[in-house]
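Descriptive structure summary
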Amino acid sequence: MAQIKNLKPGQVIWDKHKVKAGNTTMYRFGVWPVYVKEVAEDFSYIIASWNGNEERKMYQGAVDKFRVKEPNLL
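The numbers attached to residues start from 1 for each chain and follow its sequence in the written order. With pLDDT at 70 or above as the cut-off, local features in this predicted model cover only qualifying residues; side-chain atom pairs require 80 or more to be listed or tallied, and sums for whole chains, interfaces and linings still use all residues. Remark: hydrogens and water are excluded; side-chain values derive from all non-hydrogen atoms of the structure.

This part is about the pairing of strand S1 (residues 12-20). Should DSSP find at least two bridges between two strands, the strands are taken to pair. Helical segments are the DSSP runs of H or I of at least four residues, strand segments are the runs of E of at least two, and each set is numbered from the N terminus. Sheet analysis places S1 next to strand S2 (residues 27-39), joined by nine bridges and oriented antiparallel. By the bridge assignment, Lys-20 is partnered in S2 with Tyr-27. Linkage of S1 to S2, two consecutive antiparallel strands, is achieved through a turn of six residues, within which Gly-22 is found at a positive phi near 65 degrees.

With respect to the element layout, Ser-49 can be found in strand S3 (residues 45-50). Relative accessibility decides the category of a residue: with a 1.4 Å probe and only protein chains considered, values under 20% of the type maximum give buried, values over 50% give exposed, and everything between is partly exposed. Look at Ser-49 and you get buried, because its relative accessible area is 5%. We call two N or O atoms a polar contact when they sit within 3.5 Å, provided that within protein one can donate a hydrogen and the other can accept it, with sequence-adjacent residues counted only if both atoms are side-chain atoms. A polar atom in the side chain of Ser-49 sits 2.4 Å from the backbone oxygen of Asn-53.

In this section: the side chain of Lys-16. Mapped onto the elements of the fold, Lys-16 is located in strand S1. Charge counting treats Lys and Arg as positive and Asp and Glu as negative, with His and both chain ends excluded. Any Lys or Arg side-chain nitrogen found within 4 Å of a carboxyl oxygen on Asp or Glu counts as a salt bridge. There is no salt bridge for the buried Lys-16, and the closest opposite charge comes from Asp-15, which lies 10 Å off by N-O distance. Among the polar contacts listed, one links the side chain of Lys-16 to the backbone oxygen of Asn-72, at a separation of 3.1 Å.

Now for the environment of His-17. Following the sequence through the fold, His-17 ends up in strand S1. Residue classification places His-17 among the partly exposed positions, given a relative accessible area of 31%. For the pair formed by His-17 and Ile-46, sequence separation is 29 residues and the distance between their alpha carbons is 21 Å. We call two residues in contact when some of their heavy atoms are within 4.5 Å. Not counting chain neighbours up to four residues away, the residues in contact with His-17 comprise Arg-28, Phe-29, Gly-30, Trp-32 and Trp-50. In this structure the side chain of His-17 is engaged in a polar contact, spanning 3.3 Å, whose partner is the side chain of Asp-15.

What links the strands of a sheet is backbone hydrogen bonding, and the strands pair in either a parallel or an antiparallel sense. With antiparallel pairing, four strands are arranged side by side in an open sheet as S1-S2-S3-S4. Each having just a single partner strand, S1 and strand S4 (56-59) make up the two edges of the open sheet. Direction aside, neighbouring strands of the sheet carry axes that sit 45 degrees apart on average. Orientation is described by axes fitted as lines to C-alpha atoms, over the contacting stretch for helices, and by angles from 0 to 180 degrees between their N-to-C directions.

This is how it looks when you write it as structure tokens:
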């Protein structure tokens, strides 16, 4: 899991969670990149872009769910 104090601007971390598989009752795993744009000096938050969307501020609670290495889909 990712920690804000270990992140650097320009780094890519990864989000992996279950998503619904189309119009069914089944689920699958999805993996999306999170691009770290800025890290606060006091390590309280980061500015990041998730899956190429607009940048936003993320605190440690959100960053805890991200992974430093790209996960496999299993």
